[in-house]
Amino acid sequence: MAINAAALGQKNLESVTQLTDEDLISRAQSGDYNAFETLFMRHRTMVYRYSYQLVGRRDDAEDLVQESFVRAYVNIGKYRDQAKFTTWLLRIVTNLAADQARMHTRRSSLELQQSKSGLAWMTIGNQISPESDVENAVRNELLRLALSQLSPRHRTAIILRDVEEKEYGEIAEIMKCSVGGAKLRVLRARRALQTVVSKFSKESKESLHA
Amino acid sequence: MLNKFQKLAIGKSFDDLNGKQEESAEGMLKSNPEFEAEVQKYRELRAGLNLLKDVPECQLTAEHLRTRLLSESLNPRSKRDWSIYVATATAAVSCLVLGLVWVQQGRSQQSIGYQTQNADVQSTSRPLAVNPPKSILKPLDAPNLAEKPASPSVSIESSRLAVQHRKASPSYSSELNPNLVALNEERAMSVFFPSTRTSRMSSESFRHGFGGPSNPASELATPNNRQITPPMTMEALQQSSKLSTTGQSDQTESTSGNLITFQPVRDRKTGLIEAKEEPKSNDVPLGG
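Just so you know, these numbers come straight off a predicted model, no measurement behind them.

> Describe the interface of chain A and chain B, and please don't skip the residues or the numbers.
Counting residues at the interface gives 46 residues for chain A and 36 residues for chain B. Both faces combined, the contact of chain A with chain B buries some 4100 Å², and carbon together with sulfur accounts for 62% of it. Summed over the shared surface of chain A and chain B, the result is five salt bridges. Across the pair Arg190(A) and Asp16(B) runs a salt bridge, and its minimum N-O distance is 3.0 Å. The tally of links from chain A across to chain B stands at 15 residue pairs in polar contact (both at pLDDT 80 or more). Every element with two or more residues in the side of chain A that touches chain B is listed here: helix H3 (33-55), helix H4 (58-74), helix H7 (132-149), helix H8 (152-163) and helix H10 (179-209) of chain A. It is H3(A) that provides the largest number of residues to the side of chain A that touches chain B, a total of ten residues.

> Describe the packing of H3(A) against helix H5 (residues 85-103) of chain A, and please don't skip the residues or the numbers.
Residues and elements named next belong to chain A. Running from N to C, H3 and H5 cross one another at 35 degrees; their axes reach a closest spacing of 10 Å. The handedness of the crossing between H3 and H5 is right-handed. Along its contact with H3, which presents Leu39, His43, Met46, Val47, Tyr50, Ser51, Leu54 and Val55, the element H5 presents Phe85, Thr86, Leu89, Leu90, Val93, Thr94, Ala97 and Gln100. Within the contact of H3 with H5, the residues separate by chemical class into eleven nonpolar, five polar and no charged.

> Hey, could you go over the packing of helix H2 (residues 21-29) of chain A against H3(A) for me, with residue numbers and the actual values?
Residues and elements named next belong to chain A. Viewed as axis vectors pointing N to C, H2 and H3 meet at an angle of 140 degrees, and their least axial separation amounts to 8 Å. Viewed along their axes, H2 and H3 adopt a mutual orientation that is oblique. The way H2 lies across H3 gives a crossing that is left-handed. Contacts from Asp21, Leu24, Ile25, Arg27 and Ala28 of H2 reach H3 at Ala35, Phe36, Thr38, Leu39, Arg42 and His43.

> Got a sec to walk through the environment of Glu67(A)? Specific residues and values, please.
Mapped onto the fold, Glu67(A) is located in helix H4. The class of Glu67(A) is partly exposed, set by a relative accessible area of 23%. A C-alpha to C-alpha distance of 8.4 Å links Glu67(A) and Val93(A), two positions 26 residues apart in sequence. The contact partners of Glu67(A), leaving out residues within four places of it in the chain, are Leu96(A) and Arg68(B).

> How would you summarise unusual backbone geometry if you had to cite specific residues and measurements?
Trans is the common state for peptide bonds, and a negative phi is the common state for residues other than glycine. The phi angle at Lys176(A) is positive, at roughly 55 degrees, despite the residue not being glycine. Along the chain, Lys176(A) falls in the loop between helix H9 (168-175) and H10. The phi dihedral of Asp15(B) is positive, around 55 degrees, even though this residue is not glycine. By the secondary structure assignment, Asp15(B) is in the loop between helix H1 (4-13) and helix H2 (19-31).

What counts, and at which threshold
- Residues numbered from 1 in each chain as written.
- Chains lettered and ligands numbered in written order.
- Predicted model: local features only at pLDDT ≥ 70, side-chain atom pairs only at ≥ 80, totals over all residues.
- Heavy atoms only, no water.
- Contact = heavy atoms within 4.5 Å.
- Buried area = accessible area lost by both parts, 1.4 Å probe.
- Salt bridge = Lys/Arg side-chain N within 4 Å of Asp/Glu carboxyl O.
- Polar contact = N/O pair within 3.5 Å; in protein donor to acceptor, adjacent residues only side chain to side chain.
- Helix = DSSP H or I, 4+ residues; strand = E, 2+ residues; numbered from the N terminus.
- Axes fitted to C-alpha atoms, helices over the stretch in contact; angles between N-to-C directions.
- Left-handed = near helix turned anticlockwise from the far one by under 90°.
- Nonpolar A, V, L, I, M, F, W, Y, C, P; charged D, E, K, R; others polar.
- Parallel < 35°, antiparallel > 145°, perpendicular 65-115°, else oblique.
- Buried < 20%, exposed > 50% of the residue type's maximum accessible area, 1.4 Å probe, protein only.

The structure is reproduced here in structure tokens:
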């Protein structure tokens, strides 16, 4: 009897995993937690990648993912199928990350001071280093640092477009703006990022000469 | 602000240009070395951003999420039940309407008092016809109303307040004997406004003793208003005092300084309450 029940549960789980997002959402809205868990398993990686780009730390990113799915679960009744579920999820992540960024502004500034001293030897550009992996790691570190210096709006725009490679329409939905507005934000974010990177590069070169 | 040079350089680096812009950028790339350097700078940035795509593996599992939800006893919020909002709004509007109706009824009751008073103004053309509960308040305002070309009065028709302007009767004073009017004025004044000291007492005794409607105008009466009090005969005074239910003698002070005291004893012949005029004395107690 127990084996039959387990088999039935397994069969139900398999049937749930084959459903579309819309069906899973309607089931989750009716109180089916398995449906919501299926949604979580399906989109967990995508949300995590985006979260990681926003916060730059694995533990922070995982916390952000968990918090985002908790919010999604609690507010699943408010979801309307006007936007894709992933877009709705990313909007939640964006809002949460923006809130966290406001709270941790001071912490970031302290980390920046510590990182600058470690990046003194590093440059970006045509220098060829035999330790390319190390160079890439350092470059990543510098870019993440530069990204953290951007405003949440610019950071979100550049991550969605140039890291996650989202279309401008979806970016506009996540950022609650028009497509033209999304294009303009991405353009300005790229310029702002380049300005910060150039500044860091210049400072590191000056400290090297000194 | 982004200038066209920067827009083209960034767009060219990230392959974000349309056909026309692409041609323009290609032309500048060949002819303008500064533009070429700018494009190269952004291409390096793009390459660096591509490296950011590698992220460590996510170790968050469904169990973590389930544990978190269970630990905080979180449940999905139900969809908004609009019927609750509609019911609440309906109840609120009903309360508001009931409140307005209640306030309006209060006002209409006040206006009934005014209407009664003003309606009696027309009946003053009948000399010496006194309706005790109403005529007590009548003499205060009747002359004022008669002097005005039109006096507002409020009447209620079909639960609505309608303001009507009625002309005061022009024959009010012409049908009366001036001598009799003067005599009546004096006596009426002695009854209703014996002195400033007793006017409040008289007003209270009228209100409670006769049970007639209170007249706000009488409360606001001033000595100037008293000078134009309309006529009233002794019979009317006796008739009005007959309705007194207090059982105590009404004591009033005349303008000449004498006190007119109404006794609780009735005259055998006429059946009316007797009244005595006494010289003013501080020994005579006043009050109801």
